[in-house]
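Notes for the structure review
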2 protein chains.
Amino acid sequence: MNGAQAVVATLVAGGVDVVFANPGTSEMHFVAALDDVPEMRAVLTLFEGVATGAADGYARMTGWPAATLLHLGPGLGNGIANLHNARRARTPLVNVVGDHALDHKRLDAPLESDIDALAGTVSGWVRRSLTTGDVGADTTDAIAAARGWPAQVATLVLPADVSWTDGASVGPVREARSAPRVPDFDVEGLADVLGPSTVLFLGGLALLEGGLIAAGKIAAATGTRLLAETFPARMQRGAGLPDVLKLPYPPEGARKQLAGVEHLVLVGASEPVAFFGYPGTDGHLVPEGCTVHVLATPEEDGVSALHALADLVASDAVPEVVEPSRPDLPTGALGIKAFAEVVGALLPERAIVVDEALTSGYFLPGATVGAPAHDWLTLTGGAIGQGLPVATGAAVADPSRPVVSLQADGSAMYTIQALWTQAREQLDVTTIICDNGAYAILAGELENVGAPSGGERAGKLLDLTGPALDFVALATGLGVPATRATTAEELAEQFRAALAEPGPHLIDAVLAR
Amino acid sequence: MNGAQAVVATLVAGGVDVVFANPGTSEMHFVAALDDVPEMRAVLTLFEGVATGAADGYARMTGWPAATLLHLGPGLGNGIANLHNARRARTPLVNVVGDHALDHKRLDAPLESDIDALAGTVSGWVRRSLTTGDVGADTTDAIAAARGWPAQVATLVLPADVSWTDGASVGPVREARSAPRVPDFDVEGLADVLGPSTVLFLGGLALLEGGLIAAGKIAAATGTRLLAETFPARMQRGAGLPDVLKLPYPPEGARKQLAGVEHLVLVGASEPVAFFGYPGTDGHLVPEGCTVHVLATPEEDGVSALHALADLVASDAVPEVVEPSRPDLPTGALGIKAFAEVVGALLPERAIVVDEALTSGYFLPGATVGAPAHDWLTLTGGAIGQGLPVATGAAVADPSRPVVSLQADGSAMYTIQALWTQAREQLDVTTIICDNGAYAILAGELENVGAPSGGERAGKLLDLTGPALDFVALATGLGVPATRATTAEELAEQFRAALAEPGPHLIDAVLAR
């Protein structure tokens, strides 16, 4: 068994049986090993940012790492932005980055670069495997690191000769990740501060059903308010679940939500801060005089902590949950409100929603809150171009669920190549492009930062027309059937049709401006 | 004057008056400053890999840096692969990477990451500007670093508050880069080894006309052979210039070229090594018993050194140059030979050829060697997805020259977004996609590395059909007129038509397999 075969077999033995791959020469033995270890599913992507984003989406839905296969430093570089998002999502993920053979490194061949430095910027664990004898065990360690608590990105650098040399063995399988540490929290002390001027600020796994129900019981029993972090990796919501607002992205909106709060209790979330700094404002969002309590850090088990607190203060309480309701189907002009209403009216059962709609998504939370229970995946790290890849990975993770990918136009262009993988794998993803022909979020930011009101030359840098992007042509070119909607009725009709048919579809929703 | 205005004004004062930009919130003051400093031309790209590759292409043609404008770590990350190529091309380039305001850094907001570590992997110079008072001078230093000898990538990290705060001043203008050091070479000693079993191995600026003519004189006078590095940043060739073969990419081809060589004289090139290591082979390409001499390292002035050597041994010699000649226009099936012949037959005067044709480019050197003198830009660092961006930047650099972009299909998909910038700026670029529906280079590599002959699952990872990419639709979606050629006649007709019309065009050349 050569090293590459051992890596693939160890990944599979450890439950990592999907790899999103962009291989090159240094990875050819890994590729060849796919025929020796047929349990590994290899999903080809046309660009590494798709591979890393798809691995992120996969793990957000399964809780289990996928692997990526990347080609030296430049391949890892192309994947960095979505690995940044994965790091912020605390996603378990195993990167396998091929590198030159050990005796080739010192020749400074054209593709030589500092892979370890690149990897370090996004990984909680980095190791260069140095001998074929150890590569199986190194792979075991990579999986264990990824599945640690909290989960993280683990990067295994795999020299070509370590791959091609015989004498490797499959690494051991480790137990499922050790039980998360129960944090050393003061439940009774916290119980005293619960009430209407207190907010439980929820993040991470606390935003899945179990945590939400526990939080909902606490809210019902004590009047405590619930808020979610602004950009959750995965949040469950909809009919039958407590309605938990996400803290708004604009700092003034966030401050409004937090005004008057006397106690902010962090549950698997960090203290809220502004996304960007702005002239003359403080990036901290916690109001003056508000005491911050930590029930669980993001590194701790917020769900168990919530259950313990609920047991203490709300054992008999019944959480308030959302009644099923949907907006009426809108008619006429297609603005961002009508867009949201169409999504809310037609969102299918058990949908996975991937939300990179940015400014066009303003009305989505309200329009979808009463839809059948669904998962909502967001842009965790602010590196745009996450939506289409995450949707791709989520669809690989659970083919039984429809994926609805709500995607801003400018951001879509960062990783548009993901559509091809959706077509190749016939994934059930319906993408709606929020086509406003602009980097609309930046127009607002240009004002927010106090820049002089944009002149013509500044404005041109926020404009995506001239030429207008034709997303129907782009999707078609990548093998995804596509249509264009310019009215609310057209969007509804096309969304319904896309959902009714298996496989990927794209709708270019041309939004009234 | 705020910091951003000072940065833009200092760039312009230093001659850096083009910026390829992908701005976000942290860069909004830079964007606003474009209206205050109208001498700066801002070229919007849809993806940072396009911005960095375009800046590389621009500087390869001008010898002068362009700037990029990138958004924090993820934006820089998206640009890393083409910055890697720029580093390998020894391209002068100034990255301006926006970052959070200084007092926002410690809040660990979602976009926070280690920009400096990322920048260090591709930059010869990195600085974080820390005060508005210094930002003008910091910008001057960045330009000077980029224009150093050798040229390099310089990265200036620009915090948002340093941009928005008033009190900045324009940095000083430095003299044009100091005269390159004349290397301490032993011309007379080298003169003794010249002859038919000696090769002058040329790289860097030695591959432009002046160096080539000097090398050609030496060859004419002494029988010394000339070879060029495998992947030059820019090489001048064609009718009226000496015919200098590039050392082949496959190691066996390179070894064949170098067999029997007793003296290898490096002139602005590194000692040749294999691109990748392969099982059981040595990565060094210099034959046993061959003595390596250094006339000039890549860090030294190879052109002056060549002239000194030519003055000594070949002052009256007349270099052998290529006579004008073109292949006949081919007919019938469109294979890679016919593709090359069409290019050779129709290559316009003063063309800038950007070559990322990879396996499809095998016949290009022979088919174009007698075409009117032209520039040839190659994939310097092996990070695919360089061609379309470099062509974009080269066209910005010199609008008077036609750019011919010869592009492998799989690689095209890494930075296909470049077409939109070509359309927006109405650049005179004719792209021919070498459409073989596969990562063809990897099929060969799968054999080269000794991997077991590819099974079905391995083969699927090298295959780009299912679905086939429709490059005509993709180009149309990005605003570039496109056609499809399936015969030699069609390619010739469409290439001629594209060249005759200003603005960008794309031809999807479907190659017989």
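Residues numbered from 1 in each chain as written. Chains lettered and ligands numbered in written order. Predicted model: local features only at pLDDT ≥ 70, side-chain atom pairs only at ≥ 80, totals over all residues. Heavy atoms only, no water.

In this section: the relation of the copies chain A and chain B. Placing chain A over chain B gives an RMSD of 0.0 Å and needs a rotation angle of 180 degrees, together with 0.0 Å of translation along the axis. What the superposition gives is, in effect, a two-fold axis relating one chain to the other. Taken together, the interface assignments show that 100% of the residues at the interface of chain A recur at the interface of chain B, consistent with an identical surface on both copies. (Least-squares fit on C-alpha atoms with pLDDT ≥ 70 in both. Contact = heavy atoms within 4.5 Å.)

For the rest of this paragraph, the subject is the pairing of strand 1 (residues 18–21) of chain B. Residues and elements named next belong to chain B. Burial along strand 1 is two-sided: Val18 and Phe20 and Val19 and Ala21, pointing in opposite directions, are all buried. Alignment of strand 1 against strand 2 (residues 41–44), held across 4 bridges, turns out to be parallel. Looking at strand 2, one finds that Val19 is bridged to Ala42. One crossover worth recording links strand 1 to the parallel strand 2 by way of helix 2 (residues 28–33), and it is right-handed. Of the pairings in the sheet, the one linking strand 1 to strand 3 (residues 66–71) comprises 3 bridges and is parallel in character. By the bridge assignment, Ala21 is partnered in strand 3 with Leu69. (Buried < 20%, exposed > 50% of the residue type's maximum accessible area, 1.4 Å probe, protein only. Helix = DSSP H or I, 4+ residues; strand = E, 2+ residues; numbered from the N terminus. Pairing = 2+ DSSP bridges. Right-handed = clockwise from strand over helix to strand, strands pointing away.)

Our focus in this paragraph is the pattern of salt bridges. Residues and elements named next belong to chain A. Using the criterion set out here, one finds 34 salt bridges over all chains in the structure. With a closest N to O distance of 2.9 Å, Arg41 and Glu425 form a salt bridge. You can see Arg41 sitting in strand 2 (residues 41–44) and its partner Glu425 sitting in the loop between helix 16 (418–424) and strand 16 (429–435), a full 384 residues away along the chain. Owing to a relative accessible area of 16%, Glu425 belongs among the buried residues under this scheme. (Salt bridge = Lys/Arg side-chain N within 4 Å of Asp/Glu carboxyl O.)

To continue, consider the sheet that holds strand 13 (residues 352–356) of chain B. Strand pairing within a sheet occurs via backbone hydrogen bonds; the two strands may be parallel or antiparallel. Residues and elements named next belong to chain B. The strand order 9-14-13-15-16-18-17 describes an open sheet built from 7 strands, whose pairing is mixed. At either margin of the open sheet sits one strand with a lone partner, and together these are strand 9 (235–237) and strand 17 (482–485). When strand polarity is set aside, the average angle formed by the axes of neighbouring strands in this sheet is 20 degrees. With 4 bridges joining them, strand 17 and strand 18 (residues 505–510) adopt parallel strand pairing. (Axes fitted to C-alpha atoms, helices over the stretch in contact; angles between N-to-C directions.)

Before going further, it helps to spend a moment on the packing of aromatic side chains. Counting across every chain of the model gives 15 aromatic pairs over all chains. Their ring planes at 70 degrees and their centres at 6.0 Å tell us that Phe231 of chain A and Tyr249 of chain A sit as a pair that is edge-to-face. A residue pair is termed long-range when its members are at least 10 positions apart, and Phe231 of chain A in the loop between strand 8 (225–228) and strand 9 (235–237) and Tyr249 of chain A in the loop between strand 10 (245–246) and helix 10 (251–258) qualify at 18 residues. Since its relative accessible area comes to 24%, Tyr249 of chain A is described here as partly exposed. Arranged with centres 5.8 Å apart and planes meeting at 80 degrees, the rings of Tyr414 of chain A and Phe47 of chain B form a pair that is edge-to-face. Of this pair, Tyr414 of chain A sits in the loop between helix 15 (409–412) and helix 16 while Phe47 of chain B sits in the loop between strand 2 and helix 3 (48–62), each in a different chain. Considered together, Tyr414 of chain A and Phe47 of chain B belong to a single accessibility category, that of buried residues. By the ring-pair criterion, three or more aromatic residues cluster together here, those being Phe47 and Tyr414 of chain A together with Phe47 and Tyr414 of chain B. In this arrangement the basic side chain of Arg237 of chain A is found over the ring face of Trp376 of chain A, its NZ or CZ atom lying 4.9 Å from the centre. (Phe/Tyr/Trp six-rings, centres within 6.5 Å; stacked < 30°, edge-to-face > 60°. Lys NZ or Arg CZ within 6 Å of the ring centre and 35° of its normal.)

One finds Phe20 of chain A together with Leu11 and Phe20 of chain B to be the most contacted residues of the largest nonpolar core, which totals 202 residues. Setting aside anything within four residues of it in sequence, one finds Phe20 of chain B in contact with Val43, Ala51, Ala54, Ala55, Tyr58, Ala66, Ala67, Thr68, Leu69, Gly393 and Val396 of chain B. The next biggest cluster of nonpolar side chains, apart from the first, holds 55 residues, and it includes Leu202, Leu306, Val343 and Ala492 of chain A. (Core = buried A, V, L, I, M, F, W, Y, C linked by side-chain atoms within 4.5 Å.)

Buried accessible area, meaning the area lost when the parts come together, often serves as the stated size of an interface. Each side of the interface is counted separately: chain A has 96 residues, and chain B has 96 residues. Both faces combined, the contact of chain A with chain B buries some 7900 Å², and carbon together with sulfur accounts for 65% of it. Across the salt bridge formed by Asp108 of chain A and Arg88 of chain B, the nearest N and O atoms sit 2.8 Å from each other. Linking chain A to chain B there are 46 residue pairs in polar contact (both at pLDDT 80 or more). Of all the secondary structure elements, the ones that give two or more residues to the side of chain A that touches chain B are helix 2 (28–33), strand 2, helix 4 (72–88), helix 5 (115–120), helix 16, helix 17 (440–448), helix 18 (456–460) and helix 19 (471–477) of chain A. Among the elements that make up the side of chain A that touches chain B, the one with the highest residue count is helix 4 of chain A (9 residues). Grouping the amino acids of the side of chain A that touches chain B by side-chain chemistry returns 51 nonpolar, 28 polar and 17 charged. (Buried area = accessible area lost by both parts, 1.4 Å probe. Polar contact = N/O pair within 3.5 Å; in protein donor to acceptor, adjacent residues only side chain to side chain. Nonpolar A, V, L, I, M, F, W, Y, C, P; charged D, E, K, R; others polar.)

So, about the pairing of strand 4 (residues 93–99) of chain B. All names here are of chain B. Strand 4 sits mainly inside the fold: 7 of its 7 residues count as buried. Because side chains alternate across strand 4, one face comprises the buried residues Leu93, Asn95, Val97 and Asp99, and the other comprises Val94, Val96 and Gly98, equally buried. The sheet contact formed by strand 3 and strand 4 spans 6 bridges and is parallel. Bridge assignment links Ala66 to a residue of strand 4, and that residue is Leu93. Where the polypeptide runs from strand 3 across helix 4 (residues 72–88) and back to strand 4, its parallel neighbour, the crossover connection is right-handed. Both strand 4 and strand 6 (residues 153–159) contribute to a ladder of 7 bridges, which runs parallel. Following the sheet pairing, Val96 is matched in strand 6 by Leu156.

Residues and elements named next belong to chain A. Where burial is concerned, most of helix 1 (residues 3–13) is hidden: 10 out of the 11 residues are buried. Among the residues making up helix 1, those that are buried are Gly3, Ala4, Gln5, Ala6, Val7, Val8, Ala9, Thr10, Leu11 and Val12. Looking at the buried residues of helix 1, the elements they touch are helix 2, strand 3 (67–71), strand 4 (93–99), helix 6 (132–146), strand 6 (153–159) and helix 7 (160–164). By the N-cap criterion, in which a side-chain oxygen at the helix start approaches the backbone nitrogen of a residue two or three places on, helix 1 is capped by Asn2, the distance to Ala4 being 3.1 Å. Of the residues one or two after helix 1, Gly15 is the one with positive phi, at around 85 degrees.

Once that is clear, we can look at the side chain of Thr45 of chain B. Take Thr45 of chain B: it is sitting in the loop between strand 2 and helix 3. Its relative accessible area of 0% is what places Thr45 of chain B among the buried residues. Here the side chain of Thr45 of chain B touches Asn22 of chain B through a polar contact of 2.5 Å, side chain to side chain. Residues in contact with Thr45 of chain B, not counting those within four places in the same chain, are Tyr439 of chain A together with Ala21, Asn22, Val50, Ala51 and Thr421 of chain B.

All names here are of chain B. End to end, helix 4 covers 23 Å across 17 residues, agreeing with the expected 24 Å (1.5 Å per residue, within 8%). Taken as a whole, helix 4 carries its principal kink of about 50 degrees at Ile80. Taken across its 17 residues, helix 4 has 16 buried, putting it largely inside the fold. (Expected span 1.5 Å × (residues − 1). Bend = angle between axes of the 7 residues up to and from the residue.)

The subject of this paragraph is the confidence of the model for chain A. As a general rule, the predicted coordinates of low-pLDDT regions are not to be interpreted in detail. The pLDDT averaged across chain A works out to 95; a share of 97% of its residues lies at or above 70. Predicted as a complex, the structure gets a pTM of 0.98 and an ipTM equal to 0.97. (pLDDT = per-residue confidence, 0-100.)

Here the focus is unusual backbone geometry. Looking along the chain, the bond that leaves Gly466 of chain A and enters Pro467 of chain A is cis, with omega of 0 degrees. Inspection of the secondary structure puts Pro467 of chain A in the loop between helix 18 and helix 19. With an omega dihedral of 0 degrees, the bond running from Trp149 of chain B to Pro150 of chain B counts as a cis peptide bond. Relative to the elements of secondary structure, Pro150 of chain B occurs in the loop between helix 6 (135–146) and strand 6. At Leu358 of chain A, a position not held by glycine, the phi torsion is positive, near 50 degrees. In this fold, Leu358 of chain A is placed in the loop between strand 13 (352–356) and helix 13 (364–368).

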